[in-house]
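Survey of secondary and tertiary structure
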Amino acid sequence: MKALVTGASGFTGSYMVKNLLQHGYDVRVFVRQNSDTSVLKDLDVEYAYGDLTNPHEVTDAVKGVDKL
């Protein structure tokens, strides 16, 4: 299963990413290009860059995702 996590570079989002990985999910993180993603640097995640206010970037981010 592939999950998409928005806000993954924040405190709550990064916790969600780690929890999903521990439960066997493939995780795609949706973050802004200028986000500090250092909290994610050692995690096996796929990055999707964009902004939630841009419908095209959101559409691209959710492609192939099973859980949002």
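For the structure, see preceding data.
Our subject in this report is the structure included herewith. For clarity, every value in this text was computed on a predicted model and none was experimentally measured. (Residues numbered from 1 in each chain as written. Predicted model: local features only at pLDDT ≥ 70, side-chain atom pairs only at ≥ 80, totals over all residues. Heavy atoms only, no water.)

What about the overall build of the chain?
The helix and strand tally for the chain stands at 2 helices and 3 strands. Each helix (α) and strand (β) of the chain, taken in turn from the N terminus, gives the series β-α-β-β-α. The C-alpha atoms of the chain give a radius of gyration of 11 Å, which matches the 11 Å a tight globule of 68 residues would have. Overall, the chain is about 30 × 25 × 15 Å in size when its C-alpha atoms are taken along their principal axes. Here the chain holds 68 residues, and 31% of them are scored as buried. Counted over contacts in the chain with a minimum sequence separation of 6, partners at least 24 positions apart contribute 46%. In the form shown here, the chain has an accessible surface area of approximately 4600 Å², with 50% of it arising from carbon and sulfur atoms. Across the chain, the mean location of the 7 positive side-chain charges is 3 Å away from that of the 9 negative side-chain charges. (Helix = DSSP H or I, 4+ residues; strand = E, 2+ residues; numbered from the N terminus. Rg over C-alpha atoms; globule rule 2.2 N^0.38 Å. Buried < 20%, exposed > 50% of the residue type's maximum accessible area, 1.4 Å probe, protein only. Contact = heavy atoms within 4.5 Å. Areas by Shrake-Rupley, 256 points an atom, 1.4 Å probe, with all protein chains shown as cover. Lys, Arg positive; Asp, Glu negative; His and termini not counted. Charge placed at Lys NZ, Arg CZ, Asp CG, Glu CD.)

Some points on the sheet that holds strand E2 (residues 26-31)
The strands making up a sheet associate through hydrogen bonds between their backbones, and the pairing can be parallel or antiparallel. With respect to topology, 3 strands assemble into an open sheet ordered E1-E2-E3, the strand pairing being parallel. This sheet does not close on itself; its edge strands, each paired only once, are strand E1 (2-6) and strand E3 (46-49). For this sheet, the mean inter-axis angle between neighbouring strands, taken without regard to orientation, is 25°. Bridge count for E1 against E2 is 5 bridges, and the pairing is parallel. Note on E2: the bridge partner recorded for Lys 2 is Asp 26. (Pairing = 2+ DSSP bridges. Axes fitted to C-alpha atoms, helices over the stretch in contact; angles between N-to-C directions.)

Some details on the pairing of E2
Most of E2 sits inside the fold, with 5 of its 6 residues counted as buried. In the classification by handedness, the crossover that spans E1, the intervening helix H1 (residues 11-22) and the parallel E2 is right-handed. Across 4 bridges, the pairing between E2 and E3 is parallel. Following the sheet pairing, Phe 30 is matched in E3 by Ala 48. (Right-handed = clockwise from strand over helix to strand, strands pointing away.)

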